[in-house]
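Residues per chain, in single letters:
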Amino acid sequence: MPISSSDRPDNATARLAGLLESAMDAIITVNAAQNILLYNRAAETIFGWPAAEVLGQPLVKLIPQRFHASHGGHMKRFATTGVTSRRMGGSNLVYGLRRSGEEFPVEASISQLDTPDGHLFTVILRDATERIRAQEELAAYAAQASAIREQEKTRVARELHDELAQSLTALKMDTIWLRDHAGTAGADVQAKLAGMLAMLDASVAATRRIAADLRPLVLDDLGLVAAIEWLTQNFTQRHGVPCALDMDEDLELHEPYATAVFRIVQESLVNVAKHAGASQVQVQVVRAGGEVTLRVADDGAGFETVTPRKAGSLGLAGLRERAQLLKGTVSITSAPGQGTVVQAHIPVQEGHAP
Ligand SMILES: Nc1ncnc2c1ncn2[C@@H]1O[C@H](COP(=O)(O)OP(=O)(O)OP(=O)(O)O)[C@@H](O)[C@H]1O
Ligand SMILES: [Mg+2]
């Protein structure tokens, strides 16, 4: 079994050969000219080529055509860094090419060494197909769970609004009728009825408020722009803090984007109310360059963003998760006394609503 063209049959080499052959990861060494000198059994399994057919061949045999040009550049740059080893591709995925012509994602690290045989590069890699498939499946489940939570909130909000609030309103009408027909009753009965009316008013208001916080029906009935307007006006009404809104009048986003934008602005405003003590808030929602950007900025207390998350603080984490589900990002800029800016970028398809 060919391990290296310069193999010598001593014990150390035999041990090394045994190690290479039993490794789970593919191990491939190339010389400065990018020709393959070493190719272990795991590499045979992963790439589908027997060692005999790749030893002495150029490494690009194992790399998809579309990466050939950039690969050469990467190798040259790596050679000049003087770094002995590093992960390949950084945060990007690296792809391999099987004998069958199939491309597959790999996790790989590369190292370099000057030897009597010249400058050698060794790549250690594993097939990441399964891991990435599992990751995508998990993301799909998370997106589905998020959609189901929204549906459930919508259902409960509708029931509260249409059933409970309606019944309470009907009860209030009847109570008014009773009061108007209880002319001869004593002052204690009149007082009781007045108390009941006040309580019914409060109950209707509470039911409407709870329903709206769960999921404002305007979001489904009138769309995102109306819902965000409602959110900012409601914020000012409840907390007495002015909230400027900058938003395209005709911004239209389909689900799940509309809900995500709404929820991110909502949680950011709840945080401003809870933590900031701000005197001014700005909300901005713009769609440009294939993404929707939203920004909620307050001039309040600010906070140390590097401090570890408090137990039970789920808001900002949930906000990040929401953006990530849609392949977006969230950045939070804040410092004590400097106010807070929450900014999210979510990619949406240009041309038509997603
Ligand atoms: N706009 C803000 N101004 C000042 N501090 C903030 C602001 N937003 C967040 N924070 C700080 O960041 C912490 C984390 O916020 P996060 O929304 O994750 O949790 P929470 O609001 O405390 O709880 P939860 O959102 O789960 O009800 C807050 O406790 C607060 O100290
Ligand atoms: Mg919060």
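Residues numbered from 1 in each chain as written. Chains lettered and ligands numbered in written order. Predicted model: local features only at pLDDT ≥ 70, side-chain atom pairs only at ≥ 80, totals over all residues.

Colleague: Is there a simple way to explain the environment of Ala108 in this structure?
Modeller: Locating Ala108 in the fold gives a position in strand E5 (residues 103–115). Along the primary structure Ala108 and Tyr95 are separated by 13 residues, whereas in three dimensions their C-alpha atoms are 9.5 Å apart. The residues touching Ala108, leaving out its near neighbours within four places in the chain, are Met88, Val94, Val123, Ile124 and Leu125. (Helix = DSSP H or I, 4+ residues; strand = E, 2+ residues; numbered from the N terminus. Contact = placed C-beta atoms within 7 Å.)

Colleague: Explain the site of ligand 1 to me, please; I cannot follow it from the model alone.
Modeller: Among the 17 residues in the neighbourhood of ligand 1, the closest are listed as Asn271, His275, Ser313, Gly315 and Leu316. Where the shell around ligand 1 is concerned, the elements lending two or more residues are helix H9 (257–276) and helix H10 (315–325). Broken down by element, the residue count for the shell around ligand 1 peaks at five residues, all from H9. Each residue belonging to the shell around ligand 1 can be placed in one class, and the counts come to seven nonpolar, seven polar and three charged. (Near = placed C-beta within 6 Å. Nonpolar A, V, L, I, M, F, W, Y, C, P; charged D, E, K, R; others polar.)

Colleague: How should the packing of helix H8 (residues 224–239) against H9 be read in this particular structure?
Modeller: The geometry of a pair of packed helices is captured by two quantities: the angle between their axes and the separation between those axes. Running from N to C, H8 and H9 cross one another at 10 degrees; their axes reach a closest spacing of 10 Å. As summarised for this structure, H8 and H9 are arranged roughly parallel, according to the angle between their axes. Contact with H8, carried on its side by Leu224, Ala227, Ile228, Leu231, Phe235 and His239, involves Ala258, Val261, Phe262, Val265, Gln266, Leu269 and Ala273 of H9 and no other residues of that element. Of the residues assigned to the contact of H8 with H9, the class counts are eleven nonpolar, two polar and no charged. (Axes fitted to C-alpha atoms, helices over the stretch in contact; angles between N-to-C directions. Parallel < 35°, antiparallel > 145°, perpendicular 65-115°, else oblique.)

Colleague: Is there a simple way to think about the pairing of strand E4 (residues 94–97) in this case?
Modeller: Regular strands have side chains that alternate between both faces of the sheet. Pairing between E4 and E5: four bridges, direction antiparallel. Residue pairing in the sheet places Gly96 in a bridge with Phe104 of E5. As consecutive antiparallel partners, E4 and E5 are separated by five residues, and within that stretch Gly101 has a phi angle of approximately 95 degrees, a positive value. (Pairing = 2+ DSSP bridges.)

Colleague: Just to check I follow, could you spell out the domain arrangement of the protein chain for this structure?
Modeller: One widely used convention gives an interface's size as the accessible area the parts lose upon coming together. As far as domains go, the protein chain holds domain 1 (11–127), domain 2 (129–215) and domain 3 (223–354). The C-alpha centroid of domain 2 is placed 63 Å from the C-alpha centroid of domain 1. (Domains from an automatic or database assignment.)

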